[in-house]
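A structural walkthrough
One letter stands for each residue in the lines below.
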Amino acid sequence: DYFYSLLDLPNQCSPDPCHKEGTVKCEDLKGDFYCECKRGWQGKTCEKDIDECQVQNGGCNQLCLNKLGSYRCSCYNGYALKDSKMCEDIDECTESADICGEAHCKNSLSSYECLCDAGYMFDEVRKTCQDVNECEEKLCEQTCVNSPGSYTCHCDGRGGVKLSQDMNTCENIIPCVPFAVGKSIKSLYLGRMFSGTPVIRLRFKRKQLTRLVAEFDFRTFDPEGILFFAGGHQDSTWVVLALRKGRLELQLKYNGIGRVTSSGPLINHGMWQTISVEELERSLIIKVNRDAVMKIAVSGDLFTLDKGLYQLNLTVGGIPFKTKDLILPVNPRLDGCMRAWNWLNGEDTTIQETIKMNEKMQCFAVAGRGSFYPGRGFAVFNLTYVQPSSGNETKTSWEIEVNAAIQPATDTGVLFALVTGEASVPLSLSLVDYHSTKKLKQQFVIVALENTVVSRLAINLCDKREHSVDILLKKDQLSLKVDGIAGENELSKPELEDSLSILESALQSVVKTYVGGLPDVPVTSTPVTAPYHGCMTVKLSNKALDLDEALYKHSDITSHSCPPIEAGQ
């Protein structure tokens, strides 16, 4: 009965007690049932989901996502499933080649970066590299010029500063070679006034007729200039003692009739010598080191009677009228030195006192050949470099050949430059102490066309030696040599030809030649704006440039004398 009663029991799997989603099948156990669960389900009725992620993260490498009855592995951003469990980095740069536009794509774990060259910034919207304007970041102490991907700082050389080591701030230009610029208080410098006006004017008044006696020690390397004038006004009676081609020249005017006499040894050898001029009854005698070199017969007196007094004007280092009114015009500027002077046997304490008070009236205690540039000012000339075209040539030919013998006191300064009326600098030859593109401190001699360095040569500018610097420029040629070694050209041939054509067109208009410094040009118009400091002699097309012939020269630049380098330094 029992058996039959079991058989009669209703099917326990109907209706199905098992959770449908989690069950494979239901088994009727006659009075009970068994739910066979699918993988990932458990419980009497297979109603419970197994969280596989609880055990060893489901074997997933990164993320385990539990699902009803199952699970799946997933990856963080920037990773993809390699198989069902392992994740690997996605290389976005190869997946989508254009992801960074014009920038460089750099893959990294789970991500990527768009990189631009230094000085550029990535624009995410345009996918381009935009130039960073570093000048807005106020990195430069003085003037900043932005350029694609970079920038340069400039310091006002005319204000005595140059770029310092960090290439952003400015520092003072300080001499690295000391010159013995000490002056002698017992000396009188004749070259102080570039205008050629006298450095001293005296007026003698005597009750009885007096004759001129003048004696002084004198030293110069200058071949031409005026030592002194003595006499009355321009149309009466006077004498002028001058130098021409290194020898003494006497110009005299007696009763309206002029004469010029020149003789004697070369005296512009830079050594001290005694010179005297003596007025006798009927003649003038000129002596060098007590030897008579000229004796001139005259009729008349240099002292003129005026209002009952005999009067004489005496001017030193210039004349009291225009030099074109001399019998033979002469360049009055004389870089010479006088000492132990004696005018009319008189004791002169006032001149001595004035000189003692004014250093600019004194000479260097020791002087050699050359011109000395004190790191202030410049000399400017009106010169032409264009040869007139011969007949059928349409283009004019031009050539610039400069030789400078330099002994620098500082490592920064302009030796030679051409400047246009618009204040551009089509050509410059300078000393500088850094490499502008590599931004490294190193001393160079450079040639620049406008603001571009076209040739440079590394050199020790502070070695106390004299260096010879040569440049030659023609239509399609540019060369720089320092001590015979050729400079390195920075431009390709086409670039150089472009730059030289700019120079050529500047030469067709008005250019002025500057030596030892620049006028007020923009600090960015040329690499160096500082004045040169040191000794220098310049030749143009093999002819010495005489600073006394300049249109203008700063009075502190000495045209024909240079102090030595300090001993024992």
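Since the structure is predicted, the reported quantities are computational estimates derived from the model, not experimental observations.

For the protein, the count of helices and strands is four helices and 48 strands. Relative to its length of 569 residues, the protein is extended, with a C-alpha radius of gyration of 46 Å against a globular reference of 25 Å. Based on the C-alpha atoms only, the size of the protein along its principal axes is roughly 185 × 65 × 40 Å. Here the protein holds 569 residues, and 46% of them are scored as buried. Looking at the protein alone, contacts between residues at least 24 apart form 59% of all its contacts between residues at least 6 apart. When the accessible surface of the protein is split by element, carbon and sulfur atoms take 50% of a total near 29200 Å². Counting 60 positive and 74 negative side-chain charges, the protein places the averaged centre of each group 14 Å from the other.

What follows concerns the nonpolar core. Grouped together as the largest cluster of nonpolar side chains are 45 residues, with contacts concentrated most on Ile400, Phe416, Leu473 and Leu503. Looking at this core, the element that brings in the most residues is helix 4 (residues 493-508), giving five residues. Setting aside residues up to four positions removed in sequence, Leu473 forms contacts with Trp398, Glu399, Ile400, Leu427, Leu449, Leu478, Leu500 and Leu503. Among the nonpolar cores identified, the runner-up in size contains 42 residues, and Val239, Val277, Leu302 and Val316 belong to it.

With that out of the way, let us pick up empty space enclosed by the protein. Tallied over the full model, the rule gives three cavities of 30 Å³ or more. Surrounding the largest cavity, 16 residues form its lining, Cys155, Lys162, Tyr434, Pro527 and Val528 being those nearest its centre. Contributing elements (two or more residues each) for the lining of the largest cavity: strand 14 (150-154), strand 15 (161-163) and strand 38 (427-435). Residues belonging to the lining of the largest cavity are distributed by class as follows: 10 nonpolar, four polar and two charged.

What follows deals with the environment of Arg206. Within the secondary structure, Arg206 sits in strand 19 (residues 200-206). For Arg206, a relative accessible area of 27% corresponds to the partly exposed category. Each C-alpha atom, one on Arg206 and one on Ile485, is 66 Å from the other, the two residues being 279 residues apart in sequence. Those residues within four positions of Arg206 in sequence are excluded, and the remaining contacts are Phe303, Leu309, Tyr310 and Leu344.

Reading across the sheet, the eight strands line up as 44-40-39-38-37-45-33-48 and stay open at both edges, with antiparallel pairing between neighbours. Strands at the two margins of the open sheet, each flanked by one partner only, are strand 44 (488-489) and strand 48 (552-553). Sheet topology note: the strand 37 (residues 413-420)/strand 38 ladder contains five bridges and is antiparallel. Residue pairing across strands places Leu418 opposite Leu427, the latter belonging to strand 38. Strand contacts of helix 4: strand 37, strand 38, strand 39 (440-449) and strand 45 (511-515), with the helix running at about 55° to strand 39, the strand carrying the most contacts.

For the rest of this paragraph, the subject is the pattern of salt bridges. Throughout the structure, instances matching the rule amount to 19 salt bridges. Put simply, Asp520 and Arg158 hold a salt bridge, and the shortest N to O gap is 3.4 Å. Placement of the pair is Asp520 in the loop between strand 45 and strand 46 (533-540) and Arg158 in the loop between strand 14 and strand 15, with a sequence separation of 362 residues. The partner of Glu504 in a salt bridge is Lys475, with the nearest N and O atoms 3.8 Å apart. Of this pair, Glu504 sits in helix 4 while Lys475 sits in the loop between strand 41 (467-474) and strand 42 (477-482), and the two are 29 residues apart along the sequence.

Inspection of the sheet shows strand 5 (residues 63-67) paired to strand 6 (residues 70-74) by five bridges, in the antiparallel sense. Bridged to Leu63 within strand 6 is Ser74. Connecting strand 5 to the next strand, strand 6, in antiparallel fashion are two residues, including Gly69 with a positive phi near 75°.

We now examine the domain arrangement of the protein. In terms of domains, the protein is made up of domain 1 (92-131), domain 2 (183-364) and domain 3 (371-562). The gap between the C-alpha centroids of domain 1 and domain 3 is 46 Å.

Turning to its location among the elements, His104 is positioned in strand 9 (residues 104-108). C-alpha of His104 to C-alpha of Val181: the two residues are 77 residues apart in sequence and 60 Å apart in space. Leaving out residues up to four positions away in the same chain, His104 has contacts with Glu113, Cys114 and Leu115.

All right, on to the environment of Lys48 then. Among the secondary structure elements, Lys48 is positioned in strand 4 (residues 48-49). Residues Lys48 and Ala405 lie 357 residues apart in sequence; the distance between their C-alpha atoms is 101 Å. Once residues within four sequence positions are removed from consideration, Lys48 is found in contact with Gly40, Trp41 and Gln42.

So, about the packing of aromatic side chains. By the definition in use, this model includes 13 aromatic pairs. Measuring from centroid to centroid gives 5.5 Å for Phe179 and Phe372, while their planes differ by 50°, and the two rings are tilted. Here the residue Phe179 occupies a position in the loop between strand 16 (170-172) and strand 17 (183-184), and Phe372 occupies one in strand 32 (residues 371-374), the gap between them amounting to 193 residues. Among the aromatic side chains, those forming a connected cluster through ring pairs are Phe194, Phe378, Tyr514 and Tyr552. For the cation-ring pair, Arg333 lies above Phe194, with the distance from its terminal atom to the ring centre recorded as 3.7 Å.

When the UniProt feature table is mapped onto this chain, "domain: EGF-like" (unreviewed entry) is found at residues 9-47 and 89-130. Structurally, residues 9-47 comprises 0% helix and 33% strand, and the distance from its first C-alpha atom to its last is 25 Å. For residues 89-130, the end-to-end C-alpha separation is 30 Å, with 10% helix and 43% strand making up the annotated structure.

Rules used throughout
- Counting from 1, residues in each chain are numbered in the order their sequence is written.
- Side-chain atom pairs in this predicted model are given and counted only at pLDDT of 80 or more, local residue features only at pLDDT of at least 70, and totals for whole chains, interfaces and linings cover all residues.
- The basis for every side-chain value is the complete set of non-hydrogen atoms in the structure, without hydrogens or water.
- Only DSSP runs of H or I with at least four residues qualify as helices, and only runs of E with at least two residues qualify as strands; both kinds are numbered from the N terminus onward.
- We compute the radius of gyration from the C-alpha atoms alone; for a globule the expected value is 2.2 Å times N to the 0.38, where N is the number of residues.
- Classification of residues uses two cut-offs on accessible area relative to the type maximum, computed with a 1.4 Å probe and protein chains only: under 20% is buried, over 50% is exposed, and between them is partly exposed.
- Two residues qualify as a contact provided that any one of their heavy atoms is within 4.5 Å of a heavy atom in the partner residue.
- Areas reported here follow the Shrake-Rupley algorithm with a probe of radius 1.4 Å; residue values treat only the protein chains shown as occluding.
- The convention is simple: Lys and Arg are positive, Asp and Glu are negative, and His and the chain ends are not counted.
- A charged residue contributes its charge at one atom only: NZ of Lys, CZ of Arg, CG of Asp or CD of Glu.
- For this analysis, a nonpolar core means a set of buried residues of the types Ala, Val, Leu, Ile, Met, Phe, Trp, Tyr and Cys, connected via side-chain atoms within 4.5 Å.
- With a 1 Å grid laid over protein atoms only, a set of points is called a cavity when a 1.4 Å probe fits there but cannot get out and a pocket when it is open yet has protein on both sides within 12 Å along at least five of seven lines; lining residues have an atom within 4 Å of a point.
- Grid points are joined across faces, edges and corners, and a volume is the space filled by probe spheres set on the points.
- Any residue that is not Ala, Val, Leu, Ile, Met, Phe, Trp, Tyr, Cys, Pro, Asp, Glu, Lys or Arg is counted as polar, Gly included; the first ten are nonpolar and the last four charged.
- Note: two strands are recorded as paired if DSSP finds a minimum of 2 bridges between them.
- Lines fitted to C-alpha atoms define the axes here, with helix axes fitted over just the stretch in contact, and angles between the N-to-C directions of these axes take values from 0 to 180 degrees.
- In the sections that follow, a salt bridge refers to a side-chain nitrogen of Lys or Arg positioned within 4 Å of a carboxyl oxygen of Asp or Glu.
- Note: domain ranges come from an automatic or database domain assignment.
- Each pair of aromatic rings taken from Phe, Tyr and Trp, with Trp reduced to its six-membered ring, is defined by centres within 6.5 Å and is described as stacked if the planes are under 30 degrees apart, edge-to-face if over 60, and tilted in the remaining cases.
- Cation placement over rings: the criterion is NZ of Lys or CZ of Arg within 6 Å of the ring centroid and within 35° of the ring normal.
- UniProt positions are given in the numbering used here, feature names are shortened, and annotations may be inferred rather than shown by experiment.

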